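Below are the chains, spelled out letter by letter.
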Amino acid sequence: MTVKYNRILLLVCVVAALLGCNKYADETKVNNAALGQTLAQLIKETPTLSRFNELLIKTGFDKVLEGSKMYTVWAPDNQTLQALDAGTLNDAERLKQFVGNHIVNLSYYTNTPNPVLRIKTLNGKYIKFSTTQFEDAGITSANKYVSNGVLHTINKLVLPRQNVWEYVNSTAYKQKNYINTLDYQAIDSAKAVQIGLDPVTSKPIYQPGTGIITRNLLFDRIGDLRNEDQEYTFILLTDAAVDAERAKLKPYVQGANNDETERLSSLHVIKDLVIKGNYALQDLPASITSADGVTVPIDKTAIIDTRTTSNGTVYIMSAANVKLSDKIRPVKREGEQPDGFSRTDKSGNIAYRLRLNPLSGQQFNDIYIFNHKIPLFNVRYNLKELYKVPYKVYWVAPNDVQTVAFKQRFAINDPLSTAFAETDVPLKNYNQVFVGDYVPAQFGGVTAYVVAANNGVDATNSINVDYFVLVPQLP
Amino acid sequence: MRISTPIHVLAICGSICFCTAANAQQKDSTRVAATSANKIKNGYEVTGQVTDAATKKPVPGINVVVQDIAAAITDDKGNFKIIVPSKTSVLQFSGQGFQYKDVAVNGRKVINASLYEDGFTSAYDLVTLPFRQAPKSQISYAVSSVNTDGSWTRNKETPDNFLQGQVAGLNVIRRSGTPGVGAEVFLRGFNSLNATNQPLYVIDGMIYDANSYGRSIINGHVTNPLSNIDIKDIDNITVIKDGASYYGSRGANGVILINTAHAKELTTRIDFAAYGGMNFTPKQIPLLNTTDYRLYLTDVLRSAGQTDAQIQAQPYMNDDPANPTYYQYHNNTNWQKKVFTNSHSQNYYLKVTGGDNIAKYALSVGYLNNDGLTDSTNLKRYSTRFNADLNLTPKLTANTNLSFSSSEQILKDQGLTTANPALIGLIKAPFLSVNQISETGVQSPNLADVDIFNVSNPVALIRNAQQTNKYYRFFGSVKFNFQFNKHHSVSSLTGLVYDKVRENTFIPRMGVVPDTLRNAIAYSRLGASIQRYNSFYNDTWYSYKRTFTGEHDILFNAGFRYHDSESEQDYAQGYNSPTDDFVSIGNGVTNLRRLTGDYGKWKWLNAYAALNYSFRSKYFLSANLSADGSSRFGRDIPGALSIAGNKYAVLPSVAASWLISSEKFLASAKFIDLLKLRASYGLTGNDDIGNYNTRSYYRAQNLLGSQGLVLANIANPQLQWELNKKANVGLDVALFNERLNLSIDAYHNVTSKMVTLDPLNTAAGMQYVVANSGGMRTNGIDLSLNSRIINNAVKLDVGLNVSTYSNRITALPADNLITNYAGATMITRIGQSTAMFYGYKTNGIYTSNNEAAQVGLSIRGTDGSLVPFKGGDVRFIDVNNDKVIDDNDRQSIGNPNPDFVGSFNGKVSYKSMSLTALFTFSSGNDLYNGQRAILQSLSSPANQFANVVNRWRFDGQITDVPRAAYGDPMGNARFSDRFIESGSYVRLRTIAVNYNLPIKPKLLKYATIYLNADNLFTVTKYLGYDPEFSAGRSPLVQGIDTALEPQFRSAQLGIRIGL
């Protein structure tokens, strides 16, 4: 009987082999055992990473590393993790921050950085990865890849760093307080609760008290120092130095009231002490230029301390003596970039031109408004900030295509104001022409106008501006 | 049009001849029925016994005949006695339920014959040829005959599919798994590059044009005229493989004669059959699962230059269930399952035969309903046939063969297009779902739209795309035969074909990626097409048949055929109907509508003469001659026969055979039943040279909105038929009382004057002119072997058909011809086979950047700079050692021609039960897996083949799958041997069991149950769904997998009852 059964069994096997023979089995099998594993499994099975594995389980990151996304893990080995303080170990939130600091999305091998990569970790902070180092930890075992990423082992604790603002805010320097005074309340319509529409303007009406967020004038201007995605070089002045700078600037930033003057002086001092991009100490130049074009001299001997943060470097300096002339600079405005006109129906008479200066051989752009037939037609330019300092106004008005000269007038805030006299615009004059003087009553923005002659006659009521410039008259 | 005049004249002449003959018939009428038995002087007496080969028992009632001279019947002990005219006479044995057999007397006094049952594959099987029916042993040409035996177990097959594996030398490649779509049939390899390679089909004596004129507007579909023939209506099929010149300039690819069944007896017989079956989905192609797919996606997006933040911002990377798109992107859908479904088939068939002395009829109706593999595709076919045989007067007989068949098929796009649901089902991201899903995970009944990767929803195509093909064909002929006397007769067959295909398509906008037109985006696509083909056919011939002194047999036929055909296709394409509810062509945007068409009209006249002569039924000689005129031929063909300015193709052939076993010196070799040597040489032609290439014509051209005519070609008045010379040598052997039958043929086919597209100088204003500048030859061997292994109550027959050919190009207008099709590149070069795959050879993957740098190969960027290969790129072989991989590094990487094709078959029968099996195989052919080229391109978010988990990711990783690289900048997925695979396979093509139920004869005559299965298993290493497919009929596109519907397994149960 057994023989018979064996034969039947054999037959069944042959048939099954024939029918079930899977031509794909060979082709699709994983050709590397590692590719059948996940990072979670790999870490679990690596004895020297058992402590890290415990932390993964404790923080729930083990589930993440089982997932179908690519990760890179820099795992501190057991010996290294012994140095982890009990405070972090026992604080779930801090522990999560700590563990998350070792995991990033996507796979990075040690041959990827060239020379250094800055990668965002799962806790939102950035780390630096070079071919041999993870932040300041050495990589002892590299490039163990599995199906969903790669594992490196490191030999030093890498704790999450503070960012620039977290650090600055943790100090006792006055500069921190000055930045905090720049906070203001605003409404974020996305967060506010809409309760209706204004029947007249059709604008949404929000429920009072909703959607109010705190913003900061400094961050509005130079970027949010809490943003981990942006690196900064930040100069934190000592109290004396920051006050000296504020005092120096205060007369020129007179606001509507004293509070405003205080705030403006803080803002205008500090805004130039931050630049985007991270300069290491050795790379720090003799002066840096802020986003507003202000040159800040860097005296390396004045650097008291250097702090590396997760999004940049903070230099604590005893002095950053910005020259007033660097701070309060001429305000130049190109004629061909107006903010508006007195009428909106004359676009056919407005030419934005690219011309050649036959004397210098240079090309220039200007605005030329002609044959508009409107007496006192004007073109408008909004000037954002004028310091409270006397300015001299000049313009260049080439008048290079007409056969007759004309007159035009400069005005500030009121186009009908005759504070500036009508100025001749002679033929083919490519030089800067003095237009008049202007002294702002206080710090702030103004509107400048270039106004045509008070007639409707073609050619004699043209407007032509290459640029105009307000040059501060500093003592 | 001038060419038609003389053809008309000849046609009229023929009709006149026929009329004259009809008048002449009145005079001598009575001698026809007279037999001349028992009048032999100096006769020679032969006695013997006839036994059943299986049971060894004597068989009574067997007719023993010497053709036209003597006859006898075996008595109840199986004995017979007959006086034969000479010692060289041949005895013919036949009887109900038994095989037909010839035995040469060969000087013997006693001849014992043992006969096998009817249906036994024998060397004496009757073969139907154009003018006669003769035992295969008496035919000098290389022919194969297939007795369909009712085809009750293969009821769903089309005739072309049915022929697969039945005939040595006939390579039948089924086009796809779509029901009714048929097969590419190549007889003895290829004979032409640009003209047809399809054999000529002649059904019931009339040419059956099996070309489909025009193209289907449903991508990947081919309207198959042969699907109109219900396989159960066919009685027998004869394949003429060598240059018999029966059909002159249309016979270059061989001739397949199909004869439909006529009533065999007068009693009324009613056959009814009903079948029901299941079609099964094929084994799925393994793809990446959702986990591996998302990991792959990360890699490919990263290679596209996306940053970590951009990748993490993709909605499908967000694993937070609170995210509004979480449920939309966290599914696990097996798209292949959504596209291919198991489905059903049904088939009913009724046939009534009977009649009386004056009229016999065979009437059949059939209904087939076969669902396709792709969900909601289906074929419904209704077919009717009326075959009648009428004895109008004792001398005048008539036969009619009238068939009408109509089908309606619901289809989906196939092939490498964005509207092929099967292809989309492979590349669609598995984490998406069929339906829309709300933020909270609630599934809507509405289908999901085009996805984030710009891939259609295959289910939207399946449910909402409408693609139908309605097809009917009337094919009918009436044949009159007037028998003047025993020797002379005149016949005339006149037939008509009326054929119409109507197609309507609608691709919806919802869920389907829009197409880009030259001046618009096509959101929804609408189409309508009408193809018409009609023809008139007449074949009129005179026949002379005589036996002299019992030793010389002469059959002479002469006549002519006239075939007048017309085809037309008109189709319209429209775009952007207002909503998906407007599906007909008129709803498209007016200024995007396109109307196009095609028209052809051609005439063919063939005058022929055929002589068959045999001496002592031992030496056979056949000679044929045909002279063909065609409206397609040029008027200035050098050296051609010219009549009234028209050129004629004069094509003779000759064949001789020697029945060695009838010679005296073999009379004593009892184990030899038959030994026959055959040789033939013939000229045939191929008239598929285009209807109007010999004349210059204009076509419509739109230029900036105004319509005009432009010259479309350069006329070539010297353009002629392709000439195909065929030489064949064959040997037929039957041994051990026919227990072993062997037939072997060697052939040498030479095509000259092959039609080519000769490139022209730019100044000509045309790219090419059609000319006869090519040449090709094909050599090969066909072998068929049949054997009865067990011969008692249990009978076991096995058979083998195998054929091999080698094809060489001998002349081309240029050194080589490079053609591209569906991503593949083929080279046709003098001295090589047609259409060798021409691409890059590879040697693995660079394991590291260092290794790649050491090898130092680059590609040329679009700006001309050199871009070096890196780790993870494919290591292409630099043929010319210039360190740059470019077109010059291509080489032959595969041959789509098989080394061997053929079949095994087996049949076991025991009492009322029998089991038949047919295995088909193909060996040594290479295939280009175009589908896998997409699934292993690693260059887009398309889902990939499962082994893409092994892709190269890390310096030093040893693997065989390249890195993921968006857009494939290094061309890793270019046409290379990575995607060339062996197409060898062995398939259990069909297996069938039938069982005759024991029934009371009063109620029913008989009842039989059939259980059969197709494609039950296929042994292959090919990584696509199936290694058998054909993207087109040209030899230049064979072996290219363009994602057509694969072959699938099916099984069915049927019952047939006889009343």
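This structure is a prediction, so every number in the text was calculated from the model and none was measured.

### Regarding the overall build of chain A
Logical step 1: Along the backbone of chain A there are 14 helices and 29 strands.
Logical step 2: Over its C-alpha atoms chain A spans a radius of gyration of 34 Å, topping by over 25% the 23 Å that the globule rule assigns to 475 residues.
Logical step 3: Along the three orthogonal principal directions, the C-alpha set of chain A runs to about 125 × 60 × 55 Å.
Logical step 4: Residue burial in chain A is summarised as follows: out of 475 residues, 31% are buried.
Logical step 5: Long-range contacts, defined as pairs at least 24 residues apart, comprise 68% of the intrachain contacts of chain A with a sequence gap of at least 6.

### Thoughts on the sheet that holds strand S12 (residues 232-237) of chain A
Hydrogen bonds between backbone atoms are what pair the strands of a sheet, whose relative direction is either parallel or antiparallel.
Residues and elements named next belong to chain A.
Logical step 1: Reading across the sheet, the four strands line up as S13-S12-S17-S16 and stay open at both edges, with mixed pairing between neighbours. Only two strands of the sheet have a single partner each, and these edge strands are strand S13 (274-276) and strand S16 (303-309). In this sheet, adjacent strand axes meet at a mean angle of 15° when their direction is disregarded.
Logical step 2: Pairing of S16 with strand S17 (residues 312-317) involves six bridges; the strand directions are antiparallel. Along S17, the bridge assignment pairs Thr-306 with Tyr-315.

### Some remarks on unusual backbone geometry
All names here are of chain A.
Logical step 1: Phi at Ser-202 is positive, roughly 65°, even though this residue is not glycine.
Logical step 2: One can find Ser-202 in the loop between strand S9 (194-197) and strand S10 (204-206).
Logical step 3: Backbone geometry places Lys-373, a non-glycine residue, at a positive phi of 65°.
Logical step 4: One can find Lys-373 in the loop between strand S21 (363-369) and strand S22 (378-386).
Logical step 5: Note on Lys-373: 12 C-beta atoms within 10 Å, which makes it exposed.

### Some points on helix H3 (residues 290-303) of chain B
All names here are of chain B.
Logical step 1: For H3, with 14 residues, the first-to-last C-alpha span of 20 Å sits near the 20 Å given by 1.5 Å per residue.
Logical step 2: Buried positions along H3 lie against helix H4 (308-312).
Logical step 3: Residue Gly-305 follows H3 closely and has a positive phi angle near 95°.

### Focus on the pairing of S9 of chain A
Logical step 1: Examined bridge by bridge, S9 of chain A and S10 of chain A share three bridges and lie antiparallel to one another. Among the inter-strand pairings, Gln-194 of chain A is bridged to a residue of S10 of chain A, identified as Tyr-206 of chain A.

### Some points on the confidence of the model for chain B
Residues and elements named next belong to chain B.
Logical step 1: On average, residues of chain B score 87 in pLDDT, and 96% of them reach the 70 mark or higher.
Logical step 2: Contacts from residues 1-38, a stretch scored under 50 in pLDDT, to residues over four places away or in other chains number 45 contacts.
Logical step 3: Taken over the whole predicted complex, pTM reads 0.83, whereas the ipTM for its chain interfaces reads 0.75.

### Details of the interface of chain B and chain A
Logical step 1: On the chain A side, the residues contacting the 24 residues of chain B number 25 residues.
Logical step 2: At the level of secondary structure, the elements contributing two or more residues to the side of chain B that touches chain A comprise H3 and H4 of chain B.
Logical step 3: Of the residues that constitute the side of chain B that touches chain A, the class distribution is nine nonpolar, eight polar and seven charged.

### Examining the environment of Met-317 of chain B
Logical step 1: Examined against the element boundaries, Met-317 of chain B turns out to sit in the loop between H4 and helix H5 (335-339).
Logical step 2: Take Met-317 of chain B: there are 18 C-beta atoms within 10 Å of it, and that puts it in the partly exposed class.
Logical step 3: The sequence separation of Met-317 of chain B and Asn-881 of chain B amounts to 564 residues, and the corresponding C-alpha distance is 45 Å.
Logical step 4: Discounting chain neighbours no more than four positions away, the residues touching Met-317 of chain B are Lys-69 of chain A together with Ile-311 and Gln-312 of chain B.

### Observations concerning the sheet that holds strand S2 (residues 63-66) of chain B
Residue and element names in this part refer to chain B.
Logical step 1: Pairing in this open sheet of four strands is antiparallel, and the strands run S3-S2-S5-S6 from one edge to the other. Of all strands in the sheet, those bounded by a partner on one side alone are strand S3 (70-73) and strand S6 (101-104). Averaged over all pairs of adjacent strands, the angle between their axes in this sheet comes to 20°, without regard to strand direction.

### Points about helix H12 (residues 239-249) of chain A
Residues and elements named next belong to chain A.
Logical step 1: Listed as buried for H12 are Ala-241, Val-242, Glu-245, Arg-246 and Leu-249. Each buried residue of H12 lies within a common arc of 135° when the element is viewed along its axis, so the set occupies one face. Opposite its buried face, H12 presents the exposed residues Ala-240 and Ala-247, each directed more than 90 degrees away.
Logical step 2: Lining the buried residues of H12 we find helix H10 (174-180), S12, helix H13 (258-270), S17 and helix H14 (324-327).

### Section: the nonpolar core
Logical step 1: Judged by nonpolar contacts, the single largest core of 180 residues is most densely connected at Leu-39, Ile-43, Leu-65 and Val-73 of chain A together with Val-202 of chain B.
Logical step 2: The contact partners of Leu-65 of chain A, leaving out residues within four places of it in the chain, are Thr-38, Leu-39, Ala-40, Ile-43, Leu-56, Tyr-71 and Val-73 of chain A.
Logical step 3: By size, the runner-up hydrophobic cluster in this structure holds 64 residues, among which are Val-168, Ile-222, Ile-367 and Val-393 of chain A.

### Re the packing of helix H4 (residues 50-59) of chain A against helix H8 (residues 92-100) of chain A
All names here are of chain A.
Logical step 1: Relative to each other, H4 and H8 sit at 125°, their axes nearing to 10 Å. Between H4 and H8, the angle falls in the class oblique. Helix-helix and strand crossings are classified by hand; for H4 and H8 the assignment is left-handed. Counted together, Leu-55, Leu-56, Lys-58 and Thr-59 of H4 and Leu-95, Lys-96 and Val-99 of H8 form the full contact between these two elements.

### Points about the packing of H12 of chain A against H13 of chain A
Relative orientation and spacing of two packed helices are given, respectively, by the angle between their axes and the distance between those axes.
Residues and elements named next belong to chain A.
Logical step 1: Two elements in contact, H12 and H13, have axes whose closest approach is 9 Å; the angle formed by their N-to-C orientations is 115°. In this view, H12 runs roughly perpendicular relative to H13, as classed from their interaxial angle. Taken as a pair, H12 and H13 cross one another with a handedness that is right-handed. Residue-level contacts link Val-242, Glu-245, Arg-246 and Leu-249 of H12 to Ser-265, Ser-266, His-268 and Val-269 of H13.

Cut-offs applied
- Residues numbered from 1 in each chain as written.
- Chains lettered and ligands numbered in written order.
- Predicted model: local features only at pLDDT ≥ 70, side-chain atom pairs only at ≥ 80, totals over all residues.
- Helix = DSSP H or I, 4+ residues; strand = E, 2+ residues; numbered from the N terminus.
- Rg over C-alpha atoms; globule rule 2.2 N^0.38 Å.
- Buried ≥ 20, exposed ≤ 12 C-beta atoms within 10 Å, placed from the backbone.
- Contact = placed C-beta atoms within 7 Å.
- Pairing = 2+ DSSP bridges.
- Axes fitted to C-alpha atoms, helices over the stretch in contact; angles between N-to-C directions.
- Expected span 1.5 Å × (residues − 1).
- pLDDT = per-residue confidence, 0-100.
- Nonpolar A, V, L, I, M, F, W, Y, C, P; charged D, E, K, R; others polar.
- Arc of directions from axis to C-beta.
- Core = buried A, V, L, I, M, F, W, Y, C linked by C-beta atoms within 7 Å.
- Parallel < 35°, antiparallel > 145°, perpendicular 65-115°, else oblique.
- Left-handed = near helix turned anticlockwise from the far one by under 90°.

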